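Chain by chain, the residues:
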Amino acid sequence: MVERATVGVIGLGVMGSAMSRHIIAAGHEVVGFDIDPVRRAEFAGSVAKSVADVARRAPITLLSLPSSEALAQVAAELADGASPGSVAVEMGTLPLADKEAACALLASSGVDLLDAPVSGTGLQAADATLVVYSSGERAAHEQVAPIFDLIGKQTFYLGPFGNGSRMKFVANLLVAVHTLAAAEAHQLGSACGLDPDVVQEVIAAGVGSSAMFEIRGPMMAADTYEPPSARLAIILKDASIIADHARSLDSPAPLLDAAIPLYEAAVNAGLGNLDAAALRRLLAELN
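Fair warning: this is a prediction, and the values are worked out from it, not measured in the lab.

Undergrad: Would you mind showing me how to read the overall build of the chain here?
TA: From N to C terminus, the chain includes 13 helices and nine strands. Considering only C-alpha atoms, the chain reaches an extent of 60 × 40 × 35 Å along its principal axes. The buried share of the chain, reckoned over its 287 residues, is 50%. By sequence separation, contacts in the chain at least 24 residues apart represent 65% of the contacts at least 6 residues apart. Accessible surface computed for the chain: about 12,900 Å², of which carbon and sulfur atoms make up 57%. Measuring between centres, the 18 positive side-chain charges of the chain sit 5 Å from its 32 negative side-chain charges.

Undergrad: For this particular structure, what's the right way to read the sheet that holds strand β1 (residues 6-10)?
TA: Pairing between sheet strands relies on hydrogen bonds along the backbone, with the strands arranged either parallel or antiparallel. Read across the sheet, six strands follow the order β3-β2-β1-β4-β5-β6 without closing on themselves; strand pairing throughout is parallel. Two strands in the sheet have a free side with no partner beyond their single neighbour: β3 (46-47) and β6 (112-115).

Undergrad: Help me out: how do you make sense of the packing of helix α11 (residues 232-248) against helix α12 (residues 254-268) in this one?
TA: Relative placement of two packed helices is described by the angle separating their axes and the distance separating the axes. Interaxial distance between α11 and α12 falls to 10 Å at its minimum, and their mutual angle equals 150 degrees. If you check the angle between α11 and α12, you find them roughly antiparallel. α11 and α12 meet at a crossing whose hand is left-handed. Two secondary-structure elements touch here, α11 through L232, A233, I235, L236, A239, S240, I242, A243 and R247 and α12 through L256, D257, I260, Y263, E264, A266 and V267. Tallied by class, residues from the contact of α11 with α12 come to 12 nonpolar, one polar and three charged.

Undergrad: Would you explain a nonpolar patch on the surface in this entry?
TA: A surface patch of nonpolar side chains, amounting to about 230 Å² of accessible area, comprises V198, V202 and I203. Mapped onto the elements of the fold, V198 is located in helix α9 (residues 196-204). Judged by relative accessible area, which is 43%, V198 ranks as partly exposed.

Undergrad: For this particular structure, what's the right way to read the side chain of S86?
TA: Checked against the element boundaries, S86 lands in the loop between α4 (68-81) and β5 (87-90). Separated by 2.7 Å, the side chain of S86 and the backbone oxygen of S83 make a polar contact. Ignoring sequence-local partners within four residues, the contact set of S86 consists of P59, G110, V111 and D112.

Undergrad: Explain the pairing of β1 here, please?
TA: If a strand is regular, its side chains alternate between the two faces of the sheet. The element β1 is extensively covered by neighbouring structure, given that five of its five residues are classed as buried. Here β1 runs beside strand β2 (residues 29-33); their pairing, made up of five bridges, is parallel. Among the inter-strand pairings, G8 is bridged to a residue of β2, identified as V31. Viewed along the sheet, the connection from β1 through helix α1 (residues 14-25) into β2 turns out right-handed. Pairing of β1 with strand β4 (residues 60-63), which is carried by four bridges, proceeds in the parallel orientation. For V9, the partnering residue across the bridge sits in β4 and is L62.

Undergrad: Just checking my understanding: could you explain unusual backbone geometry for this structure?
TA: Trans peptide bonds make up most of the peptide bonds, and negative phi angles are found at most residues other than glycine. With an omega of -5 degrees, the peptide bond between E226 and P227 qualifies as cis. By the element assignment, P227 lies in the loop between α10 (211-222) and α11. A positive phi angle is found at A128, which is not glycine, with a value near 60 degrees. Residue placement: A128 occurs in the loop between α6 (122-126) and β8 (130-134).

Undergrad: I'm lost on the sheet that holds strand β7 (residues 118-119) in this one. Help?
TA: If you walk across this open sheet you meet the three strands as β7-β8-β9, and the pairing is mixed. With partners counted over all chains shown, the strands left at the sheet margins are β7 and β9 (152-157), one partner each. Sheet topology note: the β8/β9 ladder contains five bridges and is parallel. When the bridges of β9 are listed, S134 appears paired with Y157. Relative to the sheet, helix α7 (residues 138-151) contacts β8 and β9, its axis offset from that of β9 by approximately 165 degrees. Most of the contacts of helix α8 (residues 163-191) go to β8, to which it runs at about 140 degrees, and overall it touches β7 and β8.

Undergrad: Explain the environment of G85 to me, please; I cannot follow it from the model alone.
TA: Looking at the element boundaries, G85 is found in the loop between α4 and β5. Judged by relative accessible area, which is 49%, G85 ranks as partly exposed. For the pair G85 and I60, spaced 25 residues apart in sequence, the C-alpha to C-alpha distance is 9.6 Å. Excluding residues that lie within four positions of it along the chain, G85 makes contacts with G110 and Q143.

Calculation notes
Residues numbered from 1 in each chain as written. Predicted model: local features only at pLDDT ≥ 70, side-chain atom pairs only at ≥ 80, totals over all residues. Heavy atoms only, no water. Helix = DSSP H or I, 4+ residues; strand = E, 2+ residues; numbered from the N terminus. Buried < 20%, exposed > 50% of the residue type's maximum accessible area, 1.4 Å probe, protein only. Contact = heavy atoms within 4.5 Å. Areas by Shrake-Rupley, 256 points an atom, 1.4 Å probe, with all protein chains shown as cover. Lys, Arg positive; Asp, Glu negative; His and termini not counted. Charge placed at Lys NZ, Arg CZ, Asp CG, Glu CD. Pairing = 2+ DSSP bridges. Axes fitted to C-alpha atoms, helices over the stretch in contact; angles between N-to-C directions. Parallel < 35°, antiparallel > 145°, perpendicular 65-115°, else oblique. Left-handed = near helix turned anticlockwise from the far one by under 90°. Nonpolar A, V, L, I, M, F, W, Y, C, P; charged D, E, K, R; others polar. Patch = residues over 30% accessible without salt bridge, like charges linked within 9 Å, V, L, I, M, F, W, Y side chains within 5 Å. Salt bridge = Lys/Arg side-chain N within 4 Å of Asp/Glu carboxyl O. Polar contact = N/O pair within 3.5 Å; in protein donor to acceptor, adjacent residues only side chain to side chain. Right-handed = clockwise from strand over helix to strand, strands pointing away.

See below:
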């Protein structure tokens, strides 16, 4: 077991709360904060009064935040309250320029920021099988690596700050496209008159399967999309960030570009808070 440490977690949603539970179970103190009082009330660790309170109490702080605006606010508060030499870890999928701005702000206060998004849904967070894409100063990575081992099954150190996000963009391009492909396959199976449960079993056993087919296919077969492992609206947010990044590099992404309008249609149809597998319901209604 790694040496007992105090770890901060800011953002106590599905991912942040799940990661916190694993860290607590390993014997560490976790100090958490969220602007949502319900999430604070449900938190299994020690509830902080503010971001600055977390910064004062924890030399390592994990950030699981929903937006660039939230990151900018949290980074400013951390910069004011954290001790030089502490480490913050940004674990979401956000525009790289916004993460780089937070990194520069924190560096001015002597705080290292790692860019370490994770691959996996809430289901993987719950059973500690996330994959961590860590990037930034190696010394900061080595300090946090034992904590990464508690929340995931594998960690990759990818070098300079930003490479974690770049790798996550590659991964989530596949998530967005493969989820839509799984929905399309299930829709075709139903149109053919095949039993959805049989389609799931047979296709999952063959070369046509994918991680998204195996994770989200059972939800599609059952036409049940709650509780969500990752909300459809979140996948759309990520896909839009990735598409913008690809365009900035003149890197063609025709499948992603084709998928985004269907995600948008699903959100507009009121499916955004369901699991992304609800694309299957959208396709059925388009039929």
